[in-house]
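Below, each chain spelled out in residue letters.
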Amino acid sequence: ALFKPENVEDFYEIEEVLGSGHFGQVRKVCERTSRTHWAGKFLKIRKTACSRLGLDRTSVEREVEILQILHHPNIVALKDVFESRSEVVLILELVSGGELFDFIAEKENLLECEAIEFLKQILEGLKFMHKNNIVHFDLKPENIMLSDKGSPHPNIKLIDFGLAHRFCQGEEYRSTSGTPQYIAPEMISNEPLSTAADMWSIGVITYILLSGLSPFQGETDEETLKNVIATNYQFNKHYFSMTSSMAKDFIMKLLIKTPNERMTAEECLVHPWIKPITRTQADKRSRSSINMRS
Ligand SMILES: Cc1ccnnc1
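Residues numbered from 1 in each chain as written. Predicted model: local features only at pLDDT ≥ 70, side-chain atom pairs only at ≥ 80, totals over all residues. Heavy atoms only, no water.

Asker: Explain the site of the ligand to me, please; I cannot follow it from the model alone.
Answerer: Residues in close proximity to the ligand include Val26, Ala39, Glu93, Leu94, Val95 and Met145, which together make up its full environment. Glu93 is positioned such that a nitrogen or oxygen atom in its backbone is 2.9 Å from a nitrogen atom of the ligand. Take Val95: an N or O atom from its main chain is 3.0 Å from a nitrogen atom of the ligand. Starting from 230 Å² of accessible surface for the ligand in isolation, the protein chains cover 92%. (Near = heavy atom within 4 Å. Polar contact = N/O pair within 3.5 Å; in protein donor to acceptor, adjacent residues only side chain to side chain. Areas by Shrake-Rupley, 256 points an atom, 1.4 Å probe, with all protein chains shown as cover.)

Shown next as structure tokens:
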């Protein structure tokens with residue numbers, strides 16, 4: 001066994017469900033000795049290679065290996081891993097502030113400077129990941145969580161590295177999984193992938209943060225994918241009327257079809273919208289409130 005063969009319930013009390021997804025369930029757990037709370041991610045493992053249910057073990061081992069490398073304040077920490085016959089349980093840092101988008105939706109309005117504070121943390125986490133040659137490949141609102149929504153400056157944590165991949169030097173990797181609204185064009189046309197795929201998703205997430213609209217979403221997934229491949233989006237006149245031109249410039253430099261023409265996470269962090277160089281540039285940022293459609 002690669003992971004602890006003991007029964008997870010000998011060490012943790014299993015509490016309420018926090019979330020569930022393609023992988024299985026995430027439940028709040030309490031460590032019996034320390035009485036501290038964590039998040040237990042219960043992953044169903046396939047019994048036979050041909051069964052459709054559950055995950056194959058290698059993809060779980062990959063997620064564990066990646067989380068064991070990534071130690072950063074904006075990336076969810078992995079504490080322990082247990083396995084039984086049919087299940088692997090990841091004991092993760094508890095991120096209990098909910099998803100970023102629920103937080104913003106319930107706040108109704110949000111200033112550009114608040115959106116920037118969130119994006120700075122997401123970009124710091126991404127910069128660290130990309131420096132370690134790791135790409136998330138599934139960046140979307142559900143995978144960006146807050147550690148404590150009560151605090152005035154909540155901390156952002158990136159979660160769910162189930163589709164993440166660690167690139168070896170010069171190796172080519174292709175994958176067509178992901179969520180239509182957020183995936184980069186090169187993922188749809190099954191071309192070689194890179195860290196630039198995550199940067200496209202940041203462009204989509206920023207567009208939504210500032211307007212509440214999803215830039216490529218169509219009536220169906222098929223229509224959405226067509227819009228993505230055609231890089232067919234525009235800044236809706238009504239919702240973007242109060243958005244600063246620097247914010248639009250930031251998005252335009254990420255939603256570019258050719259992957260290597262997009263800004264990197266490092267370049268994003270020094271873009272004038274994120275890092276104003278002079279006082280006047282800071283004043284140019286719009287102080288308007290942003291309408292968030294629920
Ligand atoms: C949903 C979740 C995942 C990881 N940590 N806390 C909560």
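Asker: Would you mind going over the pattern of salt bridges with me for this structure?
Answerer: Opposite charge on two side chains permits them to pair, given that their charged atoms come into close proximity. Inspection of every chain in the model, using the stated rule, returns 17 salt bridges. Note that Glu61 is salt-bridged to Arg57, the shortest N-O span being 2.3 Å. In this pair, Glu61 and Arg57 are both assigned in helix H1 (residues 57-69), 4 residues apart and thus about one turn of the helix distant. The exposure class assigned to Arg57 is partly exposed, which follows from its relative accessible area of 26%. Here Lys140 and Asp138 are joined by a salt bridge, their closest N and O atoms 3.9 Å apart. Here Lys140 falls in the buried class, since its relative accessible area comes to 14%. (Salt bridge = Lys/Arg side-chain N within 4 Å of Asp/Glu carboxyl O. Helix = DSSP H or I, 4+ residues; strand = E, 2+ residues; numbered from the N terminus. Buried < 20%, exposed > 50% of the residue type's maximum accessible area, 1.4 Å probe, protein only.)

Asker: Looking at this structure, I do not really get the side chain of Asn227. What am I missing?
Answerer: Along the chain, Asn227 turns up in helix H6 (residues 221-229). For Asn227, a relative accessible area of 14% puts it in the buried group. The residues touching Asn227, leaving out its near neighbours within four places in the chain, are Phe216, Gln217, Gly218 and Asn232. (Contact = heavy atoms within 4.5 Å.)

Asker: Mind showing me how you'd approach helix H7 (residues 245-252) here?
Answerer: Helical geometry: 3.6 residues make up each α-helical turn, so side chains three or four residues apart lie on a common side. Every buried residue belonging to H7 is among Met246, Ala247, Phe250 and Ile251, and all of these are buried. One face of H7 carries all of its buried residues, which in axial projection span an arc of 140°. (Arc of directions from axis to C-beta.)

Asker: What should I look at first to understand the environment of Asp56 in this one?
Answerer: For Asp56, the location among the structural elements is in the loop between strand E3 (37-44) and H1. Residue classification places Asp56 among the partly exposed residues on the basis of a relative accessible area of 29%. Distance from Asp56 to Ile159, taken between C-alpha atoms, is 20 Å for residues 103 residues apart in sequence. A polar side-chain atom of Asp56 sits 2.3 Å from a polar atom in the side chain of Thr58.

Asker: Looking at this structure, I do not really get the environment of His130. What am I missing?
Answerer: Turning to its location among the elements, His130 is positioned in helix H3 (residues 112-131). Linking His130 and Ser194, residues 64 residues apart in sequence, is a C-alpha distance of 9.3 Å. The residues touching His130, leaving out its near neighbours within four places in the chain, are Val135, Thr195, Asp198, Met199 and Ala265. For His130, the side chain forms a polar contact with the side chain of Asp198, separated by 2.8 Å.

Asker: Looking at this model, I keep getting lost on the nonpolar core. Mind explaining?
Answerer: In a soluble, globular protein the nonpolar side chains are often hidden away together inside. In this structure, Leu90, Leu100, Leu123, Phe161, Ile202 and Trp273 are the most contacted members of the largest nonpolar core, which totals 79 residues. Looking at this core element by element, the count peaks at 10 residues for helix H5 (residues 196-211). Among all residues touching Trp273, those that are not within four sequence positions of it are Glu112, Ile116, Leu119, Thr206, Leu210, Ser244, Met246, Ala247, Phe250 and Arg285. Listed in part, the 7 residues of the second largest apolar core include Val29, Phe42, Phe82 and Ile91. (Core = buried A, V, L, I, M, F, W, Y, C linked by side-chain atoms within 4.5 Å.)

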